[in-house]
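Survey of secondary and tertiary structure
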Amino acid sequence: MSQRIRGVTHSAPLPPGLDEAAHHCLVAGFAGTTTVPDTLKRLIDRGLGGVILFTRNVRDAQQVRELTDTLRSLRPDLIVAIDNEGGGIGHLVGAGAPEVPGSYALGVADDPALTARCADALAGHLATLGITASYAPVADLQHDPRNPIVRTRSFGADPVLAARHLRAWIAATERRGVASCAKHFPGHGGTETDSHHGIAVDPRPYDELRADLEPFRAAVGAGVPMIMSAHVVFPALDPERPATLSRRILGDLLRHELDFDGVLVSDALEMKAIADRYGEAAGARIALAAGADQVIVAVPDPETTLACRDAVLDALRSGVLAEERVREAAGRVRRLAERYAAPARAVDGWDAGAGLEAARRAVRVRPVPRAVRGAHVVDLFPPPHPALNWGGEDLLTEVRALDPTATGTAVTEEPAGQAAVVEGILRASDAVPLVVATCDAGLHPWQERLRAALLARRPDAVRVDTGLPEGGALCSYGRGRANLRAVAEVLTGARLLTAAVRRP
């Protein structure tokens, strides 16, 4: 029987190299911007495969580079990764991240060369920071209008369109010496549940699911070095387990049918789709047994990471987890590290204007609204997703940057007294144009109610959709800063839309 004291496991030793191999299979989150916690140092010393950075680890660009240099001084083959999709999904705004719209806007613009320029900007910036693995791009197809988590993170619903933009993104990222990661296999766009919050199920039959595989197939063909699994149950593929824990999906489908031999990484184990039903520690063991090569424990709580690590070591000692499976996984991680662990010594510049150009080309409108200088801008949007969004960008800020006479109101949750809010907005906009912007109002009924109440009194108001289109006059297809700036330019008359982008 083993004895555990402060994360140290005392028991019979594993065969040579197996402890290090098991640690290769873990990616850990941590707290702090300048120092490395002692627990993380011990994990790195034993072979930790990677770390994942979040907003909590970012103060500015110089600090991030010093942090990544410190991490690599502890172990040169440590993979330093981050979620870096662009749009409103990212963690490097404090470090001067390029302003790039989310993938849906890139799909609407539908210029793979422009997508490549945006991906290059993101990857070039990562390289300057010493981050050489990016958990992007999203390969999910946005199918279900009730889907709460993919939406504008996807290139769209068309597998052929998504495939060509994935190829462009992956190739551009590779040229920078940064590892890309297509996610979330085999697709999260057909669910109505966010797997951060609960078990997600895609009930579609296999014939319908096959289209979702095409972007991943294209990513494999483009040489993507990593694929991330989805915490989604697909009854047509495996009625029992989510993809992350399914040998049928990870092994039979991804490894054999799609012939992927890169690193298969799990989505974060603390997400409730795994944590509530299986627990993070059991999730780590089952995911590796099912075919994952690395599992992510993104929370900065070291006890959770140690519990996952210990579950893997205990399973190896008991034979529940095969030694060959872990050595195979660790071998893939080592090959990934050989290609991507060391950052480039010199980083060429990138096109800083690509993101705004893409956002401008994505704007769709019908009919073209008149310029509304001096408007009162009402921006309704949900609070930033705590796991994804650097958050808080608002349309009023971007409008006021172009028209300082504009006023406005931002609302991020259902107001306690809607009638009072409506009356206040109407008073403030009594003698000026009114703009009413919503973000995925169909998912947030309070936005629909507030918008309807305003439009009933001000039918002349200009409507804006900052998420997926919902019949509004003007749509940005995203809430990244570049998206909002592009819409603000149209609203204020700073830029006129060409005929090519007026269609909805």
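Presented here is a report on the structure given in the accompanying data block. (Residues numbered from 1 in each chain as written. Predicted model: local features only at pLDDT ≥ 70, side-chain atom pairs only at ≥ 80, totals over all residues. Heavy atoms only, no water.)

1. Quick notes on the sheet that holds strand E7 (residues 181-185)
Cut-off, in case you're wondering: DSSP bridges decide pairing: two strands pair if at least two such bridges lie between them. Helix and strand assignments come from DSSP, with helices taken as H or I runs of at least 4 residues and strands as E runs of at least 2, each series counted from the N terminus. In what follows, a contact means two residues having at least one pair of non-hydrogen atoms within 4.5 Å. The axes are straight lines fitted to the C-alpha atoms, using for helices just the contacting stretch, and the angles between their N-to-C directions are given from 0 to 180°.
Spatially, E6-E5-E4-E3-E13-E12-E9-E7 is the arrangement adopted by the eight strands of the open sheet, whose pairing is parallel. Sheet topology places strand E6 (133-134) and E7 at the edges, where each strand pairs with a single neighbour. Pairing of strand E3 (residues 26-28) with strand E4 (residues 50-53) involves two bridges; the strand directions are parallel. When the bridges of E4 are listed, Val 27 appears paired with Gly 50. Contacts between helix H3 (residues 61-74) and the sheet are confined to E4 and strand E5 (79-82), with E4 contributing the most and set at about 165° to the helix.

2. Some details on the packing of helix H8 (residues 247-257) against helix H10 (residues 280-290)
Put simply, the rule is: In these notes the angle categories are as follows: under 35 degrees is roughly parallel, over 145 is roughly antiparallel, 65 to 115 is roughly perpendicular, and the rest is oblique. For a crossing to be left-handed, the near helix must be turned anticlockwise from the far one by less than a right angle; the clockwise case is right-handed. By the convention adopted, Pro, Cys, Tyr, Trp, Phe, Met, Ile, Leu, Val and Ala count as nonpolar, Lys, Arg, Asp and Glu as charged, and the other residues, Gly among them, as polar.
For the pair H8 and H10, the least separation of the axes is 8 Å and the interaxial angle reads 25°. As the angle between them shows, H8 and H10 are arranged roughly parallel. Two packed elements cross with a definite hand, and for H8 against H10 that hand is right-handed. In this structure, H8 uses Arg 247, Leu 250 and Gly 251 to contact H10, whose residues at the interface are Ala 287, Ala 289 and Ala 290. Residues that form the contact of H8 with H10 fall into these classes: four nonpolar, one polar and one charged.

3. Focus: the pairing of strand E12 (residues 263-268)
For clarity, the threshold we go by: Accessibility here uses a 1.4 Å probe with only protein chains present; expressed as a share of the type maximum, an area under 20% marks a residue as buried, one over 50% as exposed, and anything in between as partly exposed.
Counting buried positions along E12 yields six of six residues, so the element is predominantly enclosed. As judged from the three bridges shared by strand E9 (residues 226-229) and E12, these two strands associate in the parallel manner. Across the sheet, Met 228 pairs through a bridge with Val 265, a residue of E12. Sheet topology note: the E12/strand E13 (residues 294-297) ladder contains two bridges and is parallel. Within the sheet, the bridge partner assigned to Ala 268 lies in E13 and is Ile 296.

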